[in-house]
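# Chains, contacts and geometry: an overview
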Amino acid sequence: MDVAAARRVAWPSLPYVLPALAALTLVYFIAGKLGLSLAFVHASATAVWPPTGIALAALLLYGSHLWPAILIGAFLVNVTTMGSVPSSLGIATGNTLEALLGVWLVRRWAYGREVFERARSIFAFAALAGLASTAVSATVGVISLALGGHAGGGRFGEIWLTWWLGDMAGAPVVTPVLFLWAKDPGRRPARAEVVELGLVISSVLLAGGIVFDGLIPSHFGNYPLEFLCIPPLVYAAFRFGQREAATCVALLAVLAIVGTLAGHGPFARDSQNQSLLLLQAFMMTLTIVTLPLAAVVREHARSEAALARTAAIVAFSDDAIIGKGLDGVITTWNEGAYRLYGYTAAEAVGRSISLIIPPELGDELSTILERLGRGVRIDPFETTRVAKSGRRIDVSVRMSPVRDPRGRIIGASSIARDITHRRQIEVTRRERDTLRSVASLAAGAAHEINNPLAVVMGQAQLLAVEVVGPGRQRVAEMLEAVDRIRAIVARMRRLTRVELMDSSPGLPPMLDINRSSEPDVPERPAASSCLVIVAREERARCESLRRMFAGDGTDVIVDRRLGERRRSGSAAGGRRLGPRRRQDISLDLQTRGWALVRR
């Protein structure tokens, strides 16, 4: 919110303020004249003063900036009654201070606009706005009258008491009904609710007529009939709430004032001022009983709704939510626990939680409950549980303490989630990674075995030409064994090289496919990418070398001019590339009878 917007909220514009001030001044003036029409002890002191309730409701709802309307309205009421400008100004100042102080106290210690939502705040309102702030108005008003010579010292106490009780009754009786209807007009009730509310109001009016308006014979006047007013008010509080209950109290107050002034009811005395004071005390008592009762009923309904939502979440959660005492006895068991462990709530509640704990983990529960009892936080952990069928289940568990209203730990609540499938996936993934590493190791080993195997095979072929007699047969067997090894190595080299999706920390380098044990060794040459040069033209030897180094597409040539190979490398049909350019091919031909040139 910017500065301009904040100023508009703090100081509303004149097109809004002026009509509000005018309306509040008019309402306050009319209500004040009605109240002073019942002034019997002094022209400016009455036992019925509804403007107090009007001022508190207006300032609570629309802001304290409307205080000039209270000042002007109170001044006009008193100056048109007694005609003294200084005394009227002093009384108006006291009434304004009463409203401002009452609103400040309510906002500070009684939840402000939420004052009638809780029983505790209603009692605070009655004490702060009903008792404390009204004493300011009575004191300032009586002092103003005394300074103006309109109140003698002998009547000071009587005037002050009448003034104070009149203002004090106006706060709890008038403020709630105006405030609640203006704050929340409410939804349109159903026809059945309208009929029911009409019956309740009718019963209140009937009780008021019986008690205060002489609808029964006079010889019943000695009975405590005022108690007849309580049942319909209590029913309104239970059935409808604070707003309707406050309305019923206000209607009853109007009937009671009219009837008491007419001399009817249990509070009628010889002095009308005394009668009204007794009546106001009775009406304040009814208000302080009825409104908190309605607030308690409404709080209970909200609590029940919240508990119902929470219970529904717990009951239908897929997780197993279990409550238990510090002794390990199960107190609550939801549907998720039934689906996970197989025990119904009837089977589990009242039994020990060891019902689902494997025997080898018997000490786990006692340790956890002992730590929870001491207030130690339990971090989430993974463990094993046993279902009704005997199946073992891997679960992830969260433990939290259960406290009573005083904050003492009386039990524990656990939320368990089945992680068996996740564990299986983790095991499968580890096995897969291991197999991939083994496959990579096999491919790498085949690649490393191939070079010395080629040397062995070439030397054996040379021996087969040079050796005669029985040794030639042994060399042939050696070549046959080497050929079988070559076939095995070829199959190992055909293993597909794959990479892990995630890194495998701690894997030995020899099993890690992301690292090579021979980073400088080139990859196996593809078909037609190498040239094999042999010193002697032998068919079997040429075929063996062709299969060894890539297949049928490999070129094999015979070099008959060993001494001239360095000077005419391209005349033999190929070029020496890569590291072979720095190596004398003739040396390989002389040493092992063949040489490999990469293209």
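Computed from a prediction, not measured in an experiment: that's the story for all the values here.

## Quick word on the overall build of the protein chain
Check the secondary structure of the protein chain and you find 18 helices and eight strands. A burial count over the protein chain gives 43% of its 599 residues as buried. Long-range contacts, defined here as pairs at least 24 residues apart, represent 64% of the contacts in the protein chain between residues at least 6 apart. Carbon and sulfur atoms form 61% of the exposed surface of the protein chain, whose accessible area is close to 32200 Å².

## A word on the pairing of strand S5 (residues 409-418)
Summarising the sheet, strand S1 (residues 320-325) and S5 pair through six bridges and their orientation is antiparallel. Bridge pairing in S5 places Ile321 opposite Ile415. As judged from the nine bridges shared by strand S4 (residues 392-403) and S5, these two strands associate in the antiparallel manner. The partner of Arg403 across the bridge, within S5, is Ile409.

## What about the packing of helix H8 (residues 191-212) against helix H10 (residues 242-261)?
Relative orientation of the contacting elements H8 and H10 amounts to 25 degrees, with a least axis distance of 9 Å. Accordingly, the angle class assigned to the pair H8 and H10 is roughly parallel. The hand of the H8/H10 crossing is right-handed. Contacts between H8 and H10 involve Leu197, Val200, Ile201, Val204, Leu205, Gly208, Gly209 and Phe212 from the first element and Glu244, Cys248, Leu251, Leu252, Leu255, Ala256, Gly259 and Thr260 from the second. Its residues assigned to classes, the contact of H8 with H10 comprises eleven nonpolar, four polar and one charged.

## Focus: helix H14 (residues 362-373)
Of the positions making up H14, those classed as buried are Glu364, Leu365, Ile368, Leu369 and Leu372. Looking straight down H14, one finds that the buried residues subtend no more than 115 degrees of arc, so they occupy a single side. Turning to H14, the residues buried within the fold contact S1, strand S3 (381-386), S4 and S5. At the C-terminal side of H14, Gly375 shows a positive phi close to 85 degrees.

## Notes on the packing of aromatic side chains
Scanning the entire structure with this criterion turns up nine aromatic pairs. Judged by centre distance (5.1 Å) and plane angle (65 degrees), the ring pair of Phe116 and Phe125 falls under edge-to-face. Taking relative accessible area as the criterion, Phe116 reaches 2% and is therefore assigned buried. By the ring-pair criterion, three or more aromatic residues cluster together here, those being Phe116, Phe125 and Phe179.

## Observations concerning the sheet that holds strand S2 (residues 330-333)
Across the sheet, five strands lie side by side as S2-S1-S5-S4-S3; this open sheet has antiparallel pairing. Edge positions in the sheet fall to S2 and S3, since each of these pairs with one other strand and no more. Across the sheet, the mean angle from the axis of one strand to that of its neighbour is 35 degrees, orientation sign disregarded.

## Observations regarding the confidence of the model for the protein chain
The pLDDT averaged across the protein chain works out to 81; a share of 80% of its residues lies at or above 70. This stretch, residues 497-528, has a pLDDT under 50; its non-local contacts, to residues over four places away or in other chains, come to 42 contacts.

## Digging into the pattern of salt bridges
For side chains of opposite charge, pairing can occur when their charged atoms come near one another. Within this structure, the stated rule accounts for 17 salt bridges. Measuring nitrogen to oxygen at the nearest pair gives 3.6 Å for the salt bridge that ties Arg339 to Asp318. Of the two residues, Arg339 sits in helix H12 (residues 335-341) while Asp318 sits in the loop between helix H11 (272-315) and S1, which places them 21 residues apart along the sequence. Judged by its relative accessible area of 69%, Asp318 falls in the exposed class. Notably, a salt bridge pairs Glu360 with Arg392, separated by 2.6 Å at the nearest N-O pair. Taken together, the residues span a long stretch of sequence, with Glu360 in the loop between helix H13 (345-348) and H14 and Arg392 in strand S4 at a distance of 32 residues. Residue classification places Arg392 among the partly exposed residues on the basis of a relative accessible area of 43%. Taken together, the salt bridges that share partners define one network made up of Glu382, Asp394, Arg422, Arg423 and Glu426.

The rules behind each value
Residues numbered from 1 in each chain as written. Predicted model: local features only at pLDDT ≥ 70, side-chain atom pairs only at ≥ 80, totals over all residues. Heavy atoms only, no water. Helix = DSSP H or I, 4+ residues; strand = E, 2+ residues; numbered from the N terminus. Buried < 20%, exposed > 50% of the residue type's maximum accessible area, 1.4 Å probe, protein only. Contact = heavy atoms within 4.5 Å. Areas by Shrake-Rupley, 256 points an atom, 1.4 Å probe, with all protein chains shown as cover. Pairing = 2+ DSSP bridges. Axes fitted to C-alpha atoms, helices over the stretch in contact; angles between N-to-C directions. Parallel < 35°, antiparallel > 145°, perpendicular 65-115°, else oblique. Left-handed = near helix turned anticlockwise from the far one by under 90°. Nonpolar A, V, L, I, M, F, W, Y, C, P; charged D, E, K, R; others polar. Arc of directions from axis to C-beta. Phe/Tyr/Trp six-rings, centres within 6.5 Å; stacked < 30°, edge-to-face > 60°. pLDDT = per-residue confidence, 0-100. Salt bridge = Lys/Arg side-chain N within 4 Å of Asp/Glu carboxyl O.

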